[in-house]
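A closer look at the structure
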Amino acid sequence: MSPGPPSPGGIRNPMDIDALTLDALDWRTILEALAGHSATPMGAASCRALAPLPTPEAVRHTQDGVAEVLAVREMAREVPVGDVGDIGDIALRAAKGEVLDLSDLHAVGHTLTALSRLERTVKGWEEDLPVLEGLAAGIVLDPGTVVLLEDAFDETGALSSHSWPILGELRKRITDLHAAIRHTLDELLRDEDLQDLLQDHFVTLRRNRYVLPIKSRAKRWDLGIVHDTSGSGATVFIEPNQVVQLNNRLRVAEGELATEEARIRGLLSREVGEDAEAIHAALEAAIEMDVLGARAGLAGSLGCTRPKVGQDGVIRLRAARHPVLALRGVAVVPHDLGLDSERPALVLSGPNAGGKTVALKTLGLCAMLTRYGCFVPAEDGSRVDLFSGVYADVGDPQSIEGDLSSFSGHLLGLREMLDRASAGVLLLLDEIATGTDPGPGAALARAVLEAMLDRGARVVVTTHYAQLKGLATVDHRFAMAAMEYAERRPTYRVVPGVTGESHALEIAARLGLDAAMLSRARDLMSAPERAFADALEVLERQREEAAVAARIAQATAEALETQRVTLAKREAVVRERARELERREAAEFLARLRGAEKAIGQVVAELQRNPTHEGARQARVAVRALQGLVPSRAEEQPARPDTRLMVGDRVRLCTLEQEGEVVAVGEGGIQVRAGGLTVRAVPEDLEYLGRKHERPPPSPPVKVTRAPSPPDLANAVRLPGNTLDLRGMRVDEALAATELYLDQASRDRMGVVFLLHGHGTGALKQALRTWLRTSHLVGSSRPASLDEGGDAFTVVEVR
């Protein structure tokens, strides 16, 4: 910015308010951090030269792109821009007709491949990523050029002999000629006739031709062509006659190779030049993706969120943190800060070194981040509208070179900011109008602030002036907030709606100034000044006590709410676990009955084939009893009575296809006993069968099941459902498993069970039978008969 016009006093303004604002807010530190998250040098350069976005729509579009990159990274993927090289100047030179060297062409090929991969990758994602897909659509390269450059080079970076076979032929010829020349020279080095003439035994190159070091006295002996002489003159480097023709052929082959490579470079350069415009467009798209990735990286490193963005001059920050301090790893106290059309100005007061300037910069930096399409270091729900300009006057602007005092510098800064004050502009003023008498300084500050608001600007100001602290009471456009001072030290927390005392004398005492001198300073204050300071101190103390009480109440409420939520979750888990256990036990019960029915059916079939087997009668009785416990759903269903179910009513559990008896009715549901199982059910799952006094006597099979006769240990039938397999277990494991099994069998009234322990060493069998004699769950036990499986089984009567 050029210097402003002379002031009436003849002072010219040497200030560049734009540059001073960037310095005051440490904006270049933000841009450097942003560049550090880029993946390419071009992206880093673009970050450092980033320009503010012109409209809220542009900001929202850019933030959409940042959100897309973050979403991609949450899926453990990445926008692959890292391999894109800076080939813009190379493509421009090719477009002007320059033949590129191999390194440039190789760089172009590598980048074109990376750009094609970038375009394919983004378009290949299934997610809806309109911003990234729109940028990928700008990568439109000639596939022929991409393939030509991809195939042009081998893994060493040389032109590919596979793509151009003539190169392979020439390279082979050159290799063979090198080998022939070396072979010939090696033979000459071993030649006895030349030993006295050789200065040394090695082969070297002079003027790109193979030579031998020969003593200078032999240079007239017509041994070959002299190409060079040593510095001392004692050695001449001679190309022996035997390799002159070979060297000539080598030079010719190398010339042909160079010519062919030049032709190919020209061909490739023309292809690049013809595609230069598309290459530049593709590079711009890739760089933009890289910058979006850098914005996403910065957001991740600072824990930023996406703010709402409008154009009404509204700032509503929730728990905002100073981004530069956060980048430095400083534990930052978050602030709630705001501006809007009703309160377009915010006056921050409070103690020295209490954090006023940090809060002011936090708000300004969040506005700047939004202007550049970045997220802000604040909690969700924040809003930062787009400002057309953000200007800051922070620090001491005095200049010896410019012949400016601190106050003069402030005045020039205020004049610059007044010139820029308008709707859509944010002005940040730190310690406005200081450096002069408080009375005139406060009056000037108030007049300037009112003028800025009259022009439509948004303003944040820090001050110690009492007249400015009370502005909110006389002008509704001003909001006030203070930096908290608690327990005789600043907490760096913004408290909205209050003013703050400077606490100059307390801070001076804390820093070690003499107490007597500070007492004298207080005595020198005028009575109104002391009264005002004392009143503010009392208010701050009361505010601190109220804040402590509020925090305690909030903590208590949060603890109670947490406890309520925890208990509710536990109750839900318990209810769900109970329902799951009921379903599981019911299903297991039904499966066990059906399994036993099937197994006993097999036993009955075997008994029918062998009618002499004792126990067929008991098996058939058992089958009938089990069938009685699993009634058919096709039976006639009596109508449900109008009255509610009562204890003793007979019902059918539709989910289990079983009859049962209502044993309890309550708000938690209806409890039904079916066999040996009691389950909870809702009325919709029950079919009414009749009242207790209406129920006919139970059939004999059901009577046997519900009131079994004493188990017959001698005529027990072994089934899969009444057998526990203990083979392979250690003794302690087998005893524990047996106890659990017998306990369940007792509850299920199984009567008789079989334990399969096998033979083995006999240790498990002996330990098990010894334990059975002492168990309260066992009525009696015996080894199984041969028909029952022999001594590998033990038959147990369960109490």
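Residues numbered from 1 in each chain as written. Predicted model: local features only at pLDDT ≥ 70, side-chain atom pairs only at ≥ 80, totals over all residues. Heavy atoms only, no water.

1. With respect to the overall build of the protein chain
Selection rule: Strands here are runs of E lasting at least two residues and helices are runs of H or I lasting at least four, both read from the DSSP assignment and numbered beginning at the N terminus. Residue burial is assigned from relative accessible area. The probe radius is 1.4 Å, only protein chains are included, and a residue is buried under 20% of its type maximum, exposed over 50%, and partly exposed in between. In what follows, a contact means two residues having at least one pair of non-hydrogen atoms within 4.5 Å. Working definition of accessibility: Shrake-Rupley area with a 1.4 Å probe, residue cover restricted to the visible protein chains.
Counting its secondary structure elements, the protein chain contains 23 helices and 22 strands. By residue count, 43% of the 799 residues in the protein chain fall in the buried class. Long-range pairs, those at least 24 residues apart, make up 67% of the contacts in the protein chain between residues at least 6 apart in sequence. Summing over all exposed atoms, the protein chain offers an accessible surface of approximately 41,200 Å²; the carbon and sulfur share of this is 54%.

2. Digging into the pattern of salt bridges
Two side chains carrying opposite charge are able to pair once their charged atoms lie near each other. Heads up, the rule is: Note on definitions: salt bridges are taken to be side-chain nitrogens of Lys or Arg within 4 Å of carboxyl oxygens of Asp or Glu.
The final tally for this structure, using the stated rule, is 35 salt bridges. Here R477 ties to D475 by a salt bridge, and the two come within 3.0 Å at their closest N and O atoms. One exposure class covers both R477 and D475, and it is buried. Salt bridges sharing common partners tie together R93, E98 and D104.

3. Observations concerning the sheet that holds strand 22 (residues 793-798)
Quick reminder of the rule: Here the rule is simple: two strands pair whenever DSSP picks up at least two bridges between them. Axis definition: a line fitted to C-alpha atoms, limited for helices to the stretch in contact. Angles are taken between N-to-C directions and run from 0 to 180 degrees.
Reading across from one edge, 19-20-22-21 is the order of the 4 strands in this open sheet, with mixed pairing throughout. The two strands at the open ends of the sheet, each matched to only one other strand, are strand 19 (723-725) and strand 21 (778-783). Sheet twist, expressed as the mean angle between neighbouring strand axes with direction ignored, is 25°. Bridging between strand 19 and strand 20 (residues 752-756) involves 3 bridges; their strand directions are parallel.

4. Comments concerning the packing of aromatic side chains
Quick note on the threshold: Under the pairing criterion, centres of Phe, Tyr and Trp rings, with the six-membered ring standing for Trp, must be within 6.5 Å; the plane angle then separates stacked pairs below 30 degrees from edge-to-face pairs above 60, leaving the rest tilted. Any Lys NZ or Arg CZ that is within 6 Å of a ring centre and within 35 degrees of that ring's normal is treated as a charge sitting over the ring.
Enumeration over the complete set of coordinates arrives at 1 aromatic pair. Cation over ring: R206 sits above F237, and NZ or CZ is 4.0 Å from the ring centre.

5. Overview of the packing of helix 22 (residues 731-747) against helix 23 (residues 763-772)
Note the following rule: Each angle gets one of four labels, with under 35 degrees taken as roughly parallel, over 145 as roughly antiparallel, 65 to 115 as roughly perpendicular, and the rest as oblique. Left-handed describes a crossing whose near helix is turned anticlockwise from the far helix through less than a right angle; right-handed describes the clockwise counterpart. Under the convention adopted here, Pro, Cys and the residues Ala, Val, Leu, Ile, Met, Phe, Trp and Tyr are nonpolar, Asp, Glu, Lys and Arg are charged, and Gly plus all remaining residues are polar.
Viewed as axis vectors pointing N to C, helix 22 and helix 23 meet at an angle of 40°, and their least axial separation amounts to 10 Å. Between helix 22 and helix 23, the angle is such that the two are oblique. Handedness of the crossing formed by helix 22 with helix 23: right-handed. Of helix 23, the residues touching helix 22 (which contributes V731, A734, L735, T738, E739 and L742) are L764, A767, L768, W771 and L772. Split by residue class, the contact of helix 22 with helix 23 holds 9 nonpolar, 1 polar and 1 charged.

6. Section: the nonpolar core
The cut-off we apply is this: Among buried residues, the Ala, Val, Leu, Ile, Met, Phe, Trp, Tyr and Cys ones that are joined through side-chain atoms within 4.5 Å form a nonpolar core.
One finds L132 and M289 to be the most contacted residues of the largest nonpolar core, which totals 119 residues. Top contributing element to this core by residue count: helix 11 (residues 276-302), with 16 residues. For L132, the contacting residues outside a window of four places in its chain are E68, V69, V72, V79, V122, W125, M289 and L292. Of all hydrophobic cores here, the second largest spans 26 residues; its members include L418, L427, I432 and M452.

7. Section: the confidence of the model for the protein chain
Should pLDDT be low for a region, the predicted coordinates there are not to be read in detail. The condition is simple: Per-residue confidence from the predictor is reported as pLDDT, which spans 0 to 100.
Mean pLDDT for the protein chain: 83, with 80% of residues reaching 70 or above. Under a pLDDT of 50 for its full length, residues 608-614 has, in the predicted model, 2 contacts with residues more than four places off or in other chains.

8. Overview of the sheet that holds strand 13 (residues 489-496)
Backbone hydrogen bonds hold the strands of a sheet together, and the pairing may be parallel or antiparallel. Reading across from one edge, 9-10-11-7-12-13 is the order of the 6 strands in this open sheet, with mixed pairing throughout. With one partner strand each, in any of the chains shown, strand 9 (389-393) and strand 13 form the two edges of the open sheet. Sheet twist, expressed as the average angle between the axes of neighbouring strands with direction ignored, equals 15°. Here strand 9 pairs with strand 10 (residues 425-430) via 5 bridges, running parallel. The residue of strand 10 that forms the bridge with G389 is V425. Sheet contacts for helix 13 (residues 356-371): strand 7 (345-349), strand 9, strand 10, strand 11 (458-462), strand 12 (478-486) and strand 13; angle to strand 10, the most-contacted strand, approximately 160°.

9. Some details on the packing of helix 8 (residues 143-151) against helix 10 (residues 241-274)
Look at helix 8 against helix 10: their axes get within 10 Å of each other, and the N-to-C directions meet at 145°. As helix 8 packs across helix 10, the resulting crossing turns out to be left-handed. Touching T145, L148 and L149 of helix 8 are L268, E271 and V272, all from helix 10. For the contact of helix 8 with helix 10, the per-class residue count stands at 4 nonpolar, 1 polar and 1 charged.

10. Considering the pairing of strand 9
The buried fraction of strand 9 is high, at 5 of 5 residues. Of the two faces of strand 9, the one holding G389, Y391 and D393 and the one holding V390 and A392 are both buried throughout.

11. Remarks on the environment of Y210
Considering the arrangement of structural elements, one finds Y210 in strand 2 (residues 209-215). Given the relative accessible area of 9%, Y210 is considered buried. Distance from Y210 to L185, taken between C-alpha atoms, is 8.5 Å for residues 25 residues apart in sequence. With near-sequence residues (within four places) excluded, Y210 lies in contact with H178, I181, R182, L185, V203, T204, L205, E239, P240, N247 and L250.

12. Focus on the environment of H227
Structurally, H227 can be placed in strand 3 (residues 224-229). When its relative accessible area of 11% is taken as the criterion, H227 is described as buried. A sequence separation of 20 residues divides H227 from R207, and the C-alpha atoms of the two residues are 7.2 Å apart. Ignoring any residue separated from it by four or fewer positions in sequence, one finds H227 in contact with R206, R207, R209, V211, F237 and E239.

13. Details of helix 5 (residues 88-95)
Note the following rule: This arc describes the spread of directions from the helix axis toward the C-beta atoms.
Among all positions of helix 5, only G88, I90, A91 and A94 are buried. In an axial view of helix 5, the angular spread of the buried residues amounts to 165°, which keeps them on one side of the axis. Packed against the buried residues of helix 5 are helix 6 (102-124), helix 10 and helix 11. After helix 5 finishes, the residue G97 shows a positive phi value of roughly 100°.

14. Considerations on the environment of G760
In this structure, G760 sits in the loop between strand 20 and helix 23. Taking the C-alpha atoms as reference points, G760 and A792, separated by 32 residues in sequence, lie 9.1 Å from one another.

15. Concerning helix 9 (residues 165-190)
Helical geometry note: an α-helix holds 3.6 residues per turn, so side chains three or four residues apart project in the same direction. Using the following cut-off: Multiplying 1.5 Å by the residue count of a helix minus one yields the expected span of that helix.
Spanning 26 residues, helix 9 covers 38 Å between terminal C-alpha atoms, matching the ideal 38 Å at 1.5 Å per step. Taken residue by residue, helix 9 has L167, L170, I174, L177, I181, T184, L185, L188 and L189 as its buried positions. Among the structural elements, strand 2, strand 4 (235-240) and helix 10 are those in contact with the buried residues of helix 9.

16. Here's the deal with the side chain of S160
Applied cut-off: Distance and chemistry together define a polar contact, namely a pair of N or O atoms within 3.5 Å, with one atom able to donate a hydrogen and the other to accept it when in protein, and with adjacent residues in sequence counting only for side-chain atoms on both sides.
Structurally, S160 can be placed in the loop between helix 8 and helix 9. Of the residues examined, S160 reaches a relative accessible area of 7% and is grouped as buried. In this structure the side chain of S160 is engaged in a polar contact, spanning 3.2 Å, whose partner is the backbone nitrogen of S163. Setting aside residues no more than four positions away along its own chain, S160 makes contact with D151, A152, F153, D154, L167 and R171.

17. Structural notes on the side chain of D393
The cut-off we apply is this: For the purpose of charge, His is not counted, nor are the chain termini; Lys and Arg are scored as positive and Asp and Glu as negative.
The topology assignment puts D393 in strand 9. No salt bridge is formed by the buried D393; the nearest opposite charge belongs to K361, separated by 11 Å. Every residue in contact with D393, bar those within four places of it in the chain, is listed here: H410, G413, M417, L428, L429 and D430.

18. Considering unusual backbone geometry
Phi at A76 is positive, roughly 60°, even though this residue is not glycine. For A76, the position within the fold is in the loop between helix 4 (56-74) and helix 5. The phi torsion at N208 lies on the positive side, around 65°, for a residue other than glycine. Checked against the element boundaries, N208 lands in the loop between strand 1 (204-206) and strand 2.

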